[in-house]
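Single-letter residue listing:
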Amino acid sequence: MYNLLSNADDELCSYNPNGWSVKEHVGHLYDLEELWWKRLQDFQLHKAILTAADLNNQKTKEANHNEKSLEKLVEAFTIERQKILEAVYGFDEAVLLKTSVHPRLNQPMRLIDSLYFVAEHDDHHISEISNLLRVPGAHPTSPGA
């Protein structure tokens with residue numbers, strides 16, 4: 001994500017009249033790290049159903065990510081994700097193949113499937129960020145607006 005945002009303007013990343021800003025997307029990814037940790041623990045504890053997500057994204061709505069620096073948001077996300085990756089790298093095949101039911105999808109999921117689900121979620125938000133960074137004149141004070 002650093003490469004994608006390395007030349008992004010911090011102020012412009014706080015603005016999107018049509019939905020979440022770049023900062024809100026990055027902050028949302030950070031906000032969900034807590035859920036991913038809980039789900040890793042759910043698998044390790046053999047819980048039948050994974051911890052449910054807050055589909056209203058209340059944590060992201062209340063976090064005021066647009067008031068934070070883009071650098072700090074990316075740094076916070078990167079640190080938390082690295083912790084998860086380091087934990088997962090230590091899992092053996094038996095742990096990765098454990099199964100629990102995804103609460104919204106009502107489908108059994110192996111831990112490895114859950115990690116793929118997280119990656120797909122990340123890809124969605126990274127795509128949104130990329131699209132926002134390409135929109136000319138997306139900020140009311142930018143040239144061409």
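Thresholds applied
- As a convention, each chain's residues are numbered from 1 in the sequence order in which they are written.
- In keeping with the predicted nature of the model, local features appear solely for residues at pLDDT of at least 70, side-chain atom pairs appear and are counted solely at 80 or more, and the whole-chain, interface and lining totals rest on all residues.
- Computation of side-chain values: all heavy atoms of the structure, hydrogens and water removed.
- Labels follow the DSSP assignment, with helices taken as runs of H or I lasting at least four residues and strands as runs of E lasting at least two, numbered in each case from the N terminus.
- Every helix has an expected span of 1.5 Å times one less than the residues it contains.
- Residue exposure (1.4 Å probe, protein chains only): buried if accessible area is under 20% of the type maximum, exposed if over 50%, otherwise partly exposed.
- This arc describes the spread of directions from the helix axis toward the C-beta atoms.
- Working rule for contacts: check all heavy atoms of both residues, and any pair within 4.5 Å makes them a contact.
- For two strands to be treated as a pair, DSSP must find at least two bridges joining them.

Visitor: Quick one: what's the story with helix 5 (residues 70-89), residue by residue and with numbers?
Guide: Taking 1.5 Å of rise per residue, the 20 residues of helix 5 would be expected to cover 28 Å, and the 28 Å separating its terminal C-alpha atoms lies within 8% of that figure. All buried positions along helix 5 are accounted for by Leu70, Leu73, Val74, Phe77, Glu80, Arg81, Ile84 and Val88. Angularly, the buried residues of helix 5 cover 140° about the axis, an arc narrow enough to put them on a single face. Structural note: helix 5 exposes Glu71, Lys72, Glu86 and Tyr89 on the side pointing more than 90 degrees away from its buried face. Check the buried side of helix 5 and you find it contacts helix 1 (2-5), helix 2 (22-31), helix 3 (33-44), helix 6 (93-96) and helix 7 (111-134).

Visitor: Pulling in residues and values, what's your account of unusual backbone geometry?
Guide: With a phi close to 50°, Asn57 is a non-glycine residue in the positive phi region. Along the chain, the position of Asn57 falls in the loop between helix 3 and helix 4 (58-62). According to the relative accessible area criterion, Asn57 is partly exposed, its value standing at 24%.

Visitor: Can you break down the pairing of strand 2 (residues 107-110) residue by residue, with the values?
Guide: Regular strands show a simple pattern: their side chains alternate between the two faces of the sheet. Sheet analysis places strand 1 (residues 99-102) next to strand 2, joined by 4 bridges and oriented antiparallel. Within strand 2, the position partnered with Ser100 by the bridge is Met109. The hairpin formed by strand 1 and strand 2 contains 4 residues between the paired strands, and Asn106 there has a positive phi angle of roughly 50°.

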